[in-house]
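Report on the structure
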Amino acid sequence: MKYLKAGVFSAIGIVILVFLLGEIRLDELGLTFRSIDWRFTLLAFGFYIGANLIRAERFSLILERKISRREFLRIVFLQNFFNVILPFRLGELSYIALVKNRGGVGLGQNIASLIGARALDLVSVIALFLVGLAAVFRGISHSPLFLLTALAMAVAVGVGLAAAVWRSAHTRSKHRWWNDIIAGFSLFRARRTLLLIGVLSLAAWILTFTSGILLLYGSGLRLGIGENIFVYAFPVFISMTPFLIWGGFGSYEGSVVLPLLVLGVGSAQTIPLAIAIHVQELMFVSSLAAVGFLSQRLRAKK
């Protein structure tokens, strides 16, 4: 069943990508890449690194400094890569495995730290999306394409949440250490600590959105800040669902194209733009994963 689901989602991604490529000429795609202002790419990369630094600090704080922020930075780099490459968010297991290898953190606390962080991530992204939606709602609320896009996004997020709930229930019935996970959430009961972790989560996503908006701008898209936030929220939401698999080819591009079409940007510009942004983000994730892997190897030799 697992392989069947992977095959279905892979096929959907391939179909979307092939369809989008069929709507443009290759010379249009080449022109978009040649037109990229790489200064914005470098600046976006800097903000992306900053977001990961904050995430490393957040995880270290959640686990009461049992693992240093420097160690967590390696974990975050690798976790991001595996989340992009592996299907159904299985890359999250790399976090659990890497934290376990450091020692000093129980399995329940380990898993609870990840679940709690992801819950705060979802709250932060929804908050930023609502900011973007408020900026564009008046102009697009009567668009049939907007209603279709909103429905598709709601279904995608709903399926992702349903899958998470099902896994939790399945895990609860199958594993004795579920009570350890529940106990691990005690880390979030201190109001001051929870507030700080929430602020760090929001700050990390603000930097992530800033990175994405800079990529949009550097690739030739000229929209307002609110419109850019609205557009970039879609690939972020998709990345939180099981639909982003094997690098996200197809599903990522589709999630960028849809909101741009809603805003009235033509497909001749949106499709090459989506591919260009995706490639740049994969470069970010892969380069930092290489750093994390090399630092991991050097640490193991000591």
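Now for a quick tour of the structure. All of these numbers come straight from a predicted model, not from anything done at the bench. (Residues numbered from 1 in each chain as written. Predicted model: local features only at pLDDT ≥ 70, side-chain atom pairs only at ≥ 80, totals over all residues. Heavy atoms only, no water.)

1. Looking at the side chain of Ser113
Within the secondary structure, Ser113 sits in helix 6 (residues 107–140). Of note is the side chain of Ser113, whose polar atom sits 2.6 Å from the backbone oxygen of Asn110. (Helix = DSSP H or I, 4+ residues; strand = E, 2+ residues; numbered from the N terminus. Polar contact = N/O pair within 3.5 Å; in protein donor to acceptor, adjacent residues only side chain to side chain.)

2. Points about the nonpolar core
In summary, soluble globular proteins display a tendency toward joint burial of nonpolar side chains. Judged by nonpolar contacts, the single largest core of 64 residues is most densely connected at Phe72, Tyr95, Val99 and Phe209. Among the secondary structure elements, those contributing two or more residues to this core are helix 3 (38–62), helix 4 (69–85), helix 5 (92–102), helix 6, helix 9 (191–218), helix 10 (225–239), helix 11 (251–262) and helix 12 (267–301). Dropping the residues within four chain positions of it, Phe72 is found in contact with Ala56, Phe59, Ser60, Leu63, Ile67, Tyr95 and Val99. (Core = buried A, V, L, I, M, F, W, Y, C linked by side-chain atoms within 4.5 Å. Buried < 20%, exposed > 50% of the residue type's maximum accessible area, 1.4 Å probe, protein only. Contact = heavy atoms within 4.5 Å.)

3. Let's talk about the environment of Ala135
On the secondary structure map, Ala135 appears in helix 6. Accessibility expressed as a relative area gives 52% for Ala135, which makes it exposed. Once the C-alpha coordinates of Ala135 and Gly224 are considered, the two residues, 89 residues apart in sequence, prove to be 8.9 Å apart.

4. Brief notes about the packing of aromatic side chains
Using the criterion set out here, one finds 12 aromatic pairs in the structure. Aromatic pair Phe59 and Tyr95: ring centres 4.8 Å apart, planes at 40°, arrangement tilted. Within this pair, whereas Phe59 is found in helix 3, its partner Tyr95 is found in helix 5, the two being separated by 36 residues in sequence. The class for Phe59 is buried, based on a relative accessible area of 1%. The exposure class of Tyr95 is buried, given its relative accessible area of 0%. Taking the centre distance of 5.9 Å and the plane angle of 80° together, the rings of Phe129 and Phe234 count as edge-to-face. Placement of Phe129 in helix 6 and of Phe234 in helix 10 is noted, with a sequence separation of 105 residues between them. The same class applies to Phe129 as to Phe234, namely buried. Ring pairs connect the aromatic residues Phe129, Phe230, Phe234 and Phe237, which therefore count as one cluster. The side chain of Arg55 reaches across the aromatic face of Trp205, ending 4.7 Å from its centre. In this structure, Arg58 is placed above the aromatic ring of Phe59, and the distance from its NZ or CZ to the ring centre is 4.8 Å. (Phe/Tyr/Trp six-rings, centres within 6.5 Å; stacked < 30°, edge-to-face > 60°. Lys NZ or Arg CZ within 6 Å of the ring centre and 35° of its normal.)

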